[in-house]
Amino acid sequence: FSPNTISMLQKSENTFCGLRVRKRLERLGQLMTIVALFTGLKIGSSKLIECLSKLTGRRSTTVVATIVSGMAGIILLKKLAVFLIPGLAPADVLTKANVRSKGPAEEEATFHTITAYDDGEQDLSANMSGGGI
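All figures in this text were calculated on a predicted structure; none of them were measured in a lab. (Residues numbered from 1 in each chain as written. Predicted model: local features only at pLDDT ≥ 70, side-chain atom pairs only at ≥ 80, totals over all residues. Heavy atoms only, no water.)

1. Some words on the overall build of the protein
Looking only at helices and strands, the protein has five helices and zero strands in total. Across the 133 residues of the protein, 6% fall into the buried class. (Helix = DSSP H or I, 4+ residues; strand = E, 2+ residues; numbered from the N terminus. Buried < 20%, exposed > 50% of the residue type's maximum accessible area, 1.4 Å probe, protein only.)

2. Focus on a nonpolar patch on the surface
Taken together, the side chains of Val21, Leu25, Leu28, Leu31, Met32 and Val35 define a hydrophobic patch exposed on the protein surface, amounting to about 590 Å² of accessible area. Turning to its location among the elements, Leu28 is positioned in helix H2 (residues 16–56). Overall, Leu28 belongs to the partly exposed group, its relative accessible area being 45%. (Patch = residues over 30% accessible without salt bridge, like charges linked within 9 Å, V, L, I, M, F, W, Y side chains within 5 Å. Areas by Shrake-Rupley, 256 points an atom, 1.4 Å probe, with all protein chains shown as cover. Salt bridge = Lys/Arg side-chain N within 4 Å of Asp/Glu carboxyl O.)

3. A few points about the side chain of Ser53
Here Ser53 is to be found in helix H2. A residue is classified by how much of its surface remains accessible, and Ser53, at 14% relative accessible area, is buried.

4. Description of the confidence of the model for the protein
Scored by pLDDT, the protein has a mean of 78; 65% of the residues are at 70 or more. Helix H5 (residues 124–128) is the least confidently modelled element of the protein, averaging 53 in pLDDT, while helix H3 (residues 60–80) averages 94, the highest of any element. (pLDDT = per-residue confidence, 0-100.)

5. Examining the side chain of Lys23
If you trace the backbone, Lys23 turns up in helix H2. Given the relative accessible area of 15%, Lys23 is considered buried. With near-sequence residues (within four places) excluded, Lys23 lies in contact with Ser2, Pro3, Asn4 and Thr5. (Contact = heavy atoms within 4.5 Å.)

6. With respect to the pattern of salt bridges
This model, assessed by the stated rule, comprises three salt bridges. Across the pair Arg22 and Glu26 runs a salt bridge, and its minimum N-O distance is 3.6 Å. Residue Arg22 and its partner Glu26 are located together in helix H2, separated by four residues, close to a single helical turn. What makes Arg22 partly exposed here is its relative accessible area of 41%.

7. Description of H2
Because each turn of an α-helix spans 3.6 residues, side chains separated by three or four positions end up pointing in the same direction. The end-to-end C-alpha distance of H2, which contains 41 residues, comes to 59 Å, matching closely the 60 Å that a straight helix rising 1.5 Å per residue would cover. Considered for burial, the residues of H2 that qualify are Leu19, Lys23, Glu26, Ile49 and Ser53. Close packing links the buried residues of H2 with helix H1 (5–9) and H3. At the C-terminal side of H2, Gly57 shows a positive phi close to 80°. (Expected span 1.5 Å × (residues − 1).)

Here it is in structure tokens:
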């Protein structure tokens, strides 16, 4: 498919009406591609169900129910697998349940933390002379 409309309008040989017709034809082609894809998926899945029905000797509704329940079970196990890590604390579970996975570009900004004052690390004479905290 062609580049976006703005970049194509910047070329002097393209007219607005010509681009409108071209984009409409491209959208029609995209729609036909999607319809063909879904039609192929429907025909393929119905043939698969019919084949599994004959192979197992069960009705097609039983085969469909088994496939759907199996897929639902897999999705549920995938969601629960996050919590099955050995040694995971309850606080970690709450954190994992509320946070969605983010890509490297979407990392949350870290907040500055306040650390406790430890007088063992600084010279007490510096504090007394006004050079401390």
